[in-house]
Amino acid sequence: MKRLILFVLSVIHLVCSALAQSDDRSAAISGLFKGYDINNMAGVSVMVIKDSQIIYNRSFGFADAAHKVPATPHTNYRLASLSKPFTAMAVMILRDERKLSLDDPLHKFFPKIRIYGNQITIRHMLTHTAGLPNYGDLIPPGTTKPLTDWDVLNLVEQQDTAAFKPGQRFEYSNTAYSLLSLIVEKVSGMPYDEFIKQRIFKPLGMTNSTLNVMGDSIRNRAYGYDKKGDSLVMSDQSLYSYVLGDGGVYSSVSDLFKWDQALYTSKLVKSETIDEMFTIKSWENDHTAYGYGWYIDEKYGQKRVSHSGGTSGFSTYMIRYPTLKFSIIILSNLDEGFTVGEVANRIENIYLKGH
C-alpha cells in the first residue's frame, strides 16, 4: 500500500510539474504579444502543436480594426507565400496520379513562352531554379486593374530574356508558382481554386479556407493593415492580390492545424511523396535549402521545414519539425513590418532550446 501511495504521489508530482511548465511557456508566448489587446491594433493568431495536440492557441487584436471585430483561431488571413506549399501539393497530387511529370517542359503547356520554354521544367519551377522573370517587374506603368494568373502568363509570353539559364541557381520566383497553378488547371480540367478546394481543403475538412478569387466573398476574413506611426492604415489588397498560385490562399490557424496533421499521413499523396517534398532540391545559400514548396534547414539538431508569407497587409509563418512532431503557426493582418520570423524564433526557443 505504501508503495502504491508513493507511486501515485510521484505521478501527481510529474503531472503538476508538466502543467506548471506548460503554463510558464504559454505565459512566455503571450508576453510576446503585449499591447495587442489595446484599441486600434491589427490581429495575430498563434498556434503551437506537439504530438498532434494543440498546446497553445490564442489570438490577439482585431481582424477588422475599423469595426472592432476580434481576431480568433477561425479568422481567415491571407497566407501570401505560405500558399506555395498548397500549389506544390496540387502538382504532386497530379504527379502521383501520373497526369504530369516533374520533367515536363513549360512548353508542353504554354508553347508561346519564348524564354527557355523547352528547357524549363516543372521541377525547376517548384524549386525556384527556372530563371523566369519576376512578373512584378513586367507590369506596364499605370496599371490599376489587379492581375490574375492568366495575366502573369500573358506578361511572360511577351518576354525574350530570362533571368538566367534554368537550373543555374536559386532565385525565389512568384512567377513560377503562378504558372504552376495554371498547369494544375490545364492538367486537371478544373479552375485552380476549385482543385485546391476539392482535392485538398475538402478531404482535410478545411471548411473555413478559400482562395482570393475576384468577385468572391471571404467568410471570417481579416482585413490587412500597415502601421504608420501609432496609426493603422488599411492596406488590404494590391495589384497582385488575385494571383492565386503564389499567394492567394486565405486560411486560419484552426484549418492549418488540419493541414499540418495531414502532412504526417498519406491522405493527399503517398508518404514517400511527402518525404520527397521535404528533401533538399536546391540551395538558396549555405544554410537554407528548398524542397518542393518548403524551405528546409536544421535547427536544434533537428530537420526543420518552413515557409513564410508577406504581402500588402499580411505576414505569416509556419514552421514544422517533422521528427519532433512540433509545429508553430503565426498569422497576422499587419504588413511585412511585423516580424513574424523573429516571434517564431522566440517561440522555438521557449519550447526547444536545450532540447
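What you see is a predicted model; the values in this text were computed from it and never measured. (Residues numbered from 1 in each chain as written. Predicted model: local features only at pLDDT ≥ 70, side-chain atom pairs only at ≥ 80, totals over all residues. Heavy atoms only, no water.)

## Concerning the pattern of salt bridges
- Enumeration over the complete set of coordinates arrives at 19 salt bridges.
- With a shortest N-O distance of 3.3 Å, Glu97 and Lys99 are connected by a salt bridge.
- The network of salt bridges with shared partners includes Asp297, Lys299, Arg304 and Glu348. (Salt bridge = Lys/Arg side-chain N within 4 Å of Asp/Glu carboxyl O.)

## Here's the deal with the confidence of the model for the chain
- Per-residue confidence for the chain gives a mean pLDDT of 90; residues scoring 70 or more make up 91%.
- Confidence over residues 4–20 falls short of pLDDT 50; this stretch has zero contacts with residues more than four positions distant or in other chains. (pLDDT = per-residue confidence, 0-100. Contact = heavy atoms within 4.5 Å.)

## Examining the packing of helix H2 (residues 84–96) against helix H6 (residues 192–204)
- Interaxial distance between H2 and H6 falls to 10 Å at its minimum, and their mutual angle equals 75°. Taken together, the axes of H2 and H6 lie roughly perpendicular to each other. Here H2 contributes Phe86, Thr87, Met89, Ala90, Ile93 and Leu94 to the contact with H6, which in turn contributes Tyr192, Phe195, Ile196, Arg199, Ile200 and Phe201. (Axes fitted to C-alpha atoms, helices over the stretch in contact; angles between N-to-C directions. Helix = DSSP H or I, 4+ residues; strand = E, 2+ residues; numbered from the N terminus. Parallel < 35°, antiparallel > 145°, perpendicular 65-115°, else oblique.)

## Concerning the environment of Phe278
- Structurally, the position occupied by Phe278 is in the loop between helix H8 (271–277) and strand S10 (282–283).
- If near-sequence neighbours (up to four positions away) are discounted, Phe278 is found in contact with Leu263, Trp294, Ile296, Lys303, Val305 and Arg320.

## Comments concerning the layout of surface pockets
- Reported here for the largest pocket is a volume of approximately 210 Å³.
- In terms of lining, the largest pocket is formed by Arg78, Ala80, Ser81, Asn134, Tyr135, Gly136, Asn174, Tyr240, Asp246, Gly247, Gly310 and Thr311.
- Each residue belonging to the lining of the largest pocket can be placed in one class, and the counts come to three nonpolar, seven polar and two charged. (1 Å grid on protein atoms, 1.4 Å probe; cavity = no way out; pocket = protein on both sides within 12 Å on 5 of 7 lines; lining within 4 Å. Points joined across faces, edges and corners; volume = space filled by probe spheres on them. Nonpolar A, V, L, I, M, F, W, Y, C, P; charged D, E, K, R; others polar.)

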